Amino acid sequence: MNKEVSKGEGLETPGAREQLLQTASTIMREGDVVDISLSELSLRSGLNSALVKYYFGNKAGMLKALLDRDMENIVKSVDALLAKDDMTPEAKLRLHISKCIDTYFAYPYLNRLLMRLVRDSDEAEAKRIADQYLLPLHRAYHRFIGDGVKAGVFRPINPQLFYFTVTGAADRFFSARLVLKHCFDQDTLTEDLRDSYREHTVDFIMAGILAH
């Protein structure tokens, strides 16, 4: 399974790149980890693990590609939400927080993977990640909150701290399966649990930002 893959052989595997990323995502979600073994990846995907080198250069490159896949969707959804003129600031923020919960339910490893790659990458790559994903979200929170303050529905709060509040609330819950298992005898992230936590988190955070 680990023999070298020629360029031609790699090109003859339609959808292999996406399949490797999806399998890696599934492994990290199910195992509540931010790392994978190439042997497990090969076994679960049914693909030669040497394809990782062909498509991504190495395992670190694959993890960066996975981060790009997941974070690009978040940034695009935030940009689309900001562009909506037919929604109130409160409705936009409620929807955004809801989407955050859904995203971390689907990819509970996301924030830990982000922090790992920023920490382990060289200065140029860390800056790329920050410029491409973190700063756009920070600017979006400035807009979300600023528009709500101007409309008189939000009280003025620090957008930077608000980012950590939302991200922390989403990340902490869905990356704490050991707590669920040992304290509450539940180690499965069910859709019912996601829905309950989404409603709780949206109401809890909005209660802290609404002007009245």
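Whatever comes next refers back to the structure up there.
Here's a quick rundown of the structure. (Residues numbered from 1 in each chain as written. Predicted model: local features only at pLDDT ≥ 70, side-chain atom pairs only at ≥ 80, totals over all residues. Heavy atoms only, no water.)

**Side note on helix α3 (residues 38-45)**
Helical geometry note: an α-helix holds 3.6 residues per turn, so side chains three or four residues apart project in the same direction.
Part 1: Along α3, the positions that sit buried rather than exposed are L41, S42 and S45. Take α3 and look down its axis: the buried residues cluster within an arc of 100 degrees, on one side only. Seen from the open side of α3, the exposed residues pointing more than 90 degrees away from its buried face are S39 and L43.
Part 2: Elements in contact with the buried residues of α3: α2 (16-31), α4 (51-56) and α5 (59-82). (Buried < 20%, exposed > 50% of the residue type's maximum accessible area, 1.4 Å probe, protein only. Helix = DSSP H or I, 4+ residues; strand = E, 2+ residues; numbered from the N terminus. Arc of directions from axis to C-beta. Contact = heavy atoms within 4.5 Å.)

**Describing the nonpolar core**
Part 1: M62, L113 and F162 are the most contacted members of the largest nonpolar core, which has 57 residues in total.
Part 2: Of all the elements in the fold, those that place two or more residues in this core are α2, α4, α5, α6 (89-106), α7 (110-120), α8 (123-150), α9 (159-174) and α11 (191-209).
Part 3: Looking at this core element by element, the count peaks at 11 residues for α5.
Part 4: Once residues within four sequence positions are removed from consideration, L113 is found in contact with M28, V34, L63, L66 and L67. (Core = buried A, V, L, I, M, F, W, Y, C linked by side-chain atoms within 4.5 Å.)

**Things to note about the packing of α9 against α11**
Part 1: Their axes nearest at 11 Å, the elements α9 and α11 cross at an angle of 160 degrees. One way to sum up the angle between α9 and α11 is to call them roughly antiparallel. For the element pair α9 and α11, the recorded crossing hand is right-handed. Only L193, R194, Y197, T201, I205 and I209 of α11 make contact with α9, whose side of the interface consists of F162, V166, A169, F173 and F174.
Part 2: Each residue belonging to the contact of α9 with α11 can be placed in one class, and the counts come to nine nonpolar, one polar and one charged. (Axes fitted to C-alpha atoms, helices over the stretch in contact; angles between N-to-C directions. Parallel < 35°, antiparallel > 145°, perpendicular 65-115°, else oblique. Left-handed = near helix turned anticlockwise from the far one by under 90°. Nonpolar A, V, L, I, M, F, W, Y, C, P; charged D, E, K, R; others polar.)

**Quick look at the environment of G46**
Part 1: Note that G46 resides in the loop between α3 and α4.
Part 2: Here G46 falls in the exposed class, since its relative accessible area comes to 60%.
Part 3: With 27 residues separating them along the chain, G46 and Q19 place their C-alpha atoms 9.4 Å apart.

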